[in-house]
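Spelled out from the first residue to the last, the chains are:
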Amino acid sequence: MNIENIIPALPFTNPVLIFFIVLTIILFAPLLLNRFRIPHIIGLIIAGMIIGPHGFGLLERDSSFQIFGNVGLLYLMFLAGLEMDINDFKKNKTQGIVFGLYTFFIPMILGTTISYYTLHFNLETSILLASMYASHTLVAYPIVSRYGIPRATSVTTTIAGTIITVLGALIILAVIAGMQQGEINEIFWIRLLISITIYCTIIIYSFPRITRWFFKKYDDNVSQYIFVLALVFSASFMAQLAGLEAIIGAFFAGVVLNRFIPAVSPLMNRIEFVGNALFIPYFLIGVGMLINLHGVFSSTEAIIVAINMSIVATASKWIAAWFTQKTFKLPKVDRNMIFGLSNAQAAATLAAVLIGYDLGLFNSNVLNGTVIMILVTCTISSFVTEKAARELVTKQQQDDYLKDKIDTGEERILIPIANPDTIENLVNLAILLKNPKKKTPLYAINVTDDKSQDNGFNAKNALQKAAKIASSADVEMETIARYDMNIASGIIHTMKEKNISEIVIGLHHKANIVDSFFGTKTESLLKGTNKMVAITKCTIPVNTVTRIVIAVPEKAEFETGFVKWVDRVANMAKQVGCRAIFYAHPNTIIQLKAILRKGKYNIRNEFEILDNWEDILMLTGIVLQDDLFIIVSARHTSVSYNTEFDKLPSFLSKYFAGNNIVVLYPEQFGKESQLSFFSDPRSMDVQRDYTRFIGLRLFLENLLKKKKRWGHRNQKKDK
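Cut-offs and rules
- Residues numbered from 1 in each chain as written.
- Predicted model: local features only at pLDDT ≥ 70, side-chain atom pairs only at ≥ 80, totals over all residues.
- Heavy atoms only, no water.
- Helix = DSSP H or I, 4+ residues; strand = E, 2+ residues; numbered from the N terminus.
- Buried < 20%, exposed > 50% of the residue type's maximum accessible area, 1.4 Å probe, protein only.
- Contact = heavy atoms within 4.5 Å.
- Areas by Shrake-Rupley, 256 points an atom, 1.4 Å probe, with all protein chains shown as cover.
- Pairing = 2+ DSSP bridges.
- Right-handed = clockwise from strand over helix to strand, strands pointing away.
- Axes fitted to C-alpha atoms, helices over the stretch in contact; angles between N-to-C directions.
- Parallel < 35°, antiparallel > 145°, perpendicular 65-115°, else oblique.
- Nonpolar A, V, L, I, M, F, W, Y, C, P; charged D, E, K, R; others polar.
- pLDDT = per-residue confidence, 0-100.
- Salt bridge = Lys/Arg side-chain N within 4 Å of Asp/Glu carboxyl O.
- Core = buried A, V, L, I, M, F, W, Y, C linked by side-chain atoms within 4.5 Å.
- 1 Å grid on protein atoms, 1.4 Å probe; cavity = no way out; pocket = protein on both sides within 12 Å on 5 of 7 lines; lining within 4 Å.
- Points joined across faces, edges and corners; volume = space filled by probe spheres on them.

Colleague: Break down the overall build of the protein for me, with residues and values.
Modeller: Along the backbone of the protein there are 26 helices and 10 strands. Burial statistics for the protein: of 719 residues in total, 53% are counted as buried. Nonlocal contacts in the protein, meaning residues at least 24 apart in sequence, comprise 81% of its contacts between residues at least 6 apart. If you sum the accessible surface of the protein, you get close to 33700 Å²; carbon and sulfur atoms cover 60% of it.

In structure tokens, the structure reads:
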């Protein structure tokens, strides 16, 4: 047997073997380097150097690495746009713009001057080389995602600055290339401006509408994922047609699709998983395969150029971060985060050096020096970002502990499961209501009573489906299958046993004309518990709603559960990224603003005056088909109860039959009351008796008012 026939020749060309080697690197690089507290990004780049054509030559940088590498880079920029908090970005846009100008002009000035006087390049070559220093790639962004701080102020500032400086560097590259080819004239600039305008118009106006239509029509998770990727790569390709770089298109697509993909959702979990597990590591390994240490150390001049480029690129980015810190009086950890994220050179740098080399502006020393600069800057970027991220997370935890922030207690949300068609919307709504920082699980329950014909198979399937939806969003769920004398008492007993804080239940479908709007089970549930109850009906996915309109009754601020329901609504508005419009009494609006300000939810909110609950009829012309209408109601024994609430079922069924509705009953007592249990016929229905007392009081008050009015009329007649 010839051993040469068994062992394949180098470099390996078998696609199965190539993929196995890459997956092995992706698996073991983080595991090995985490022990030494070295960012795994460095491990992937170094592994690419070792196995690449300039290392042991195990693999060649073929078309597969070029394709997957480009996909990984676009994926990286798409995630940066997708995970950006748009509200924070708007608030910190000044910081982002100023940093973008600093991180573009400082490397341009410093790089041009040093290249012209120390490396003795001509002016065009020096400017093009400086543009390479100005651009940077968010190679260390996966570290930020792993620590869960993609929406930190310093991260948002760096991302905004990245787009500005990359765009500026690419324009410099296009101008230098055009000058070499004699294509720079007035038509060049007019064509570039028109193409960019058309491109931005298409993305801004068409992508949101197409996405909302698709998400409404198709709820399959795989189809939605493929659809999102198709939009990303179409935006990237159109950016190239407009004369921009593809990475700008990917980032732009992420920003536009941001509000349709909540941070905690099954779709977001899939997007992050595939990118971080495959595409982005492929890109980093491909970067490592470009680095040729032999070419650099082959001559003294190449070493000098490599050292010069690495020092200038690193120093200019640190100065830009330092200027940003001093301008806005940021803490040191924010400066380090900005510097760490912005120091890495990769994508646009490679594009510039290859074009400059083809045009004859760069020699082989600059080409080899560039790959060393990529290695040095990526290494520094990874270490600095890792350290800054760790400090930033620690600082945020300390701030949360020291600050007098709103505490709504434990979040134990129970979801009664019955109708298979509503399971997905109920679970997704509960996930959005939940604070993502709190890791308490969701609870799903299916109660079987004496009247049920279910043998347990349908209940098991329903609970499995709910658990699958929750797990796809990386949210823990505990499923409960229960038998009880009736469904309401089964839910209430479970709430007591599991210390449930609130319940999310689907709106009852009327079985016949005499059936109530909420159904007897829901009404019994409202009487049997004082916890917060959200009765929901969603005709479209929650992540596609354009606004959340909340109708709040007078004196709602005096309810025990006032802070809790405001917190849940704010969580949902923040996750979905839409506006929350509160219609409430002026006194209630003051308290709403105070809670939102104290909780630092940073959501887009508006406040409109609703003096009298009878004026709620005016909302029929305000609540649109794509809105989520939340009506904050109250139990009969609540402080904010209004007799108009009795007309709520007919009002909703008449005017909002086709809308997305949540009828919310806040928690009303601090402690559990001795309410009736329906399995015990001897128990006293406290709430029913109390309601009768209120009805009798209201009847007497109305009778007295009528007598007074009748007396005034008689007095006028006598006069």
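Colleague: Before we move on, can you summarise the pairing of strand S8 (residues 605-609) with the specific residues and values?
Modeller: In this structure, strand S7 (residues 579-584) lies alongside S8, joined through 5 bridges in parallel fashion. Considered in S8, the bridge of Tyr583 is made with Glu608. Each parallel crossover has a hand, and for S7 linked through helix H24 (residues 586-599) to S8 it is right-handed.

Colleague: Talk me through the packing of helix H19 (residues 423-433) against helix H23 (residues 562-576); I want residue IDs and the actual numbers.
Modeller: Running from N to C, H19 and H23 cross one another at 100°; their axes reach a closest spacing of 7 Å. What the angle tells us is that H19 and H23 run roughly perpendicular. Here H19 contributes Leu429, Ile431, Leu432 and Leu433 to the contact with H23, which in turn contributes Arg568, Asn571, Met572, Gln575 and Val576. Its residues placed into classes, the contact of H19 with H23 shows 6 nonpolar, 2 polar and 1 charged.

Colleague: Tell me what's going on with the confidence of the model for the protein, and back it up with residues and numbers.
Modeller: Here the protein averages 82 in pLDDT, and 87% of its residues register 70 or above. Across residues 670-694, where pLDDT falls below 50, the model places 43 contacts with residues more than four positions away in sequence or in other chains.

Colleague: Report on the sheet that holds strand S10 (residues 660-665), specifying residues and quantitative values.
Modeller: Spatially, S3-S2-S1-S4-S5-S10-S9-S6-S7-S8 is the arrangement adopted by the 10 strands of the open sheet, whose pairing is mixed. The open sheet has two edge strands with one neighbour each: strand S3 (477-483) and S8. The mean angle between the axes of side-by-side strands here comes to 20°, regardless of whether they run parallel or antiparallel. On top of the sheet, H24 reaches S7 and S8; it is set at about 170° to S8, its chief contact.

Colleague: Could you give me a rundown of the pattern of salt bridges, with the residues and numbers involved?
Modeller: Considering all chains together, one arrives at 14 salt bridges under this definition. When the shortest N-O distance is used, the salt bridge between Glu386 and Arg390 registers 3.4 Å. Pair noted here: Glu386 and Arg390 are both in helix H18 (residues 364-402), with a separation of 4 residues, about one helical turn. Between Asp627 and Arg547 there is a salt bridge, with its nearest N and O atoms 2.6 Å apart. On the criterion of sequence distance, the pair formed by Asp627 in the loop between S8 and strand S9 (628-632) and Arg547 in strand S6 (residues 547-551) is long-range, its members being 80 residues apart. Among the charged side chains, a salt-bridge network with shared partners connects Glu411, Glu502, Asp567 and Arg568.

Colleague: I'd like a rundown of the nonpolar core, residues and numbers included.
Modeller: Grouped together as the largest cluster of nonpolar side chains are 112 residues, with contacts concentrated most on Leu59, Leu129, Val228, Ile261, Ile271, Ile285 and Met337. A total of 12 residues in this core trace back to one element, the largest contributor, which is helix H13 (residues 266-290). Once residues within four sequence positions are removed from consideration, Ile271 is found in contact with Tyr75, Phe78, Leu79, Leu82, Tyr225, Val228 and Ile261. Membership of the second largest hydrophobic core comes to 57 residues, among which are Ile423, Leu432, Ile595 and Phe607.

Colleague: Tell me about empty space enclosed by the protein, residues and numbers included.
Modeller: Which parts of space are left empty comes out when a probe the size of a water molecule is rolled across the atoms. Under the defined criterion, the tally for this structure stands at 3 cavities of 30 Å³ or more. When its volume is computed, the largest cavity comes out at roughly 50 Å³. Listed by contribution, the elements that provide at least two residues to the lining of the largest cavity are H19, strand S5 (532-537), H23 and S10. Of the residues belonging to the lining of the largest cavity, the class tally is 9 nonpolar, no polar and no charged.

Colleague: Lay out the environment of Gln66 in plain terms, naming residues and giving numbers.
Modeller: Mapped onto the elements of the fold, Gln66 is located in helix H4 (residues 63-82). You can call Gln66 partly exposed: its relative accessible area is 40%. Linking Gln66 and Phe283, residues 217 residues apart in sequence, is a C-alpha distance of 8.3 Å.

Colleague: A description of unusual backbone geometry should follow, citing residues and the corresponding values.
Modeller: Despite not being glycine, His120 shows a phi value in the positive range, around 60°. Inspection of the secondary structure puts His120 in the loop between helix H6 (93-117) and helix H7 (123-134). Within the chain, Asn602 stands out as a residue other than glycine whose phi angle is a positive 55°. Within the secondary structure, Asn602 sits in the loop between H24 and S8.

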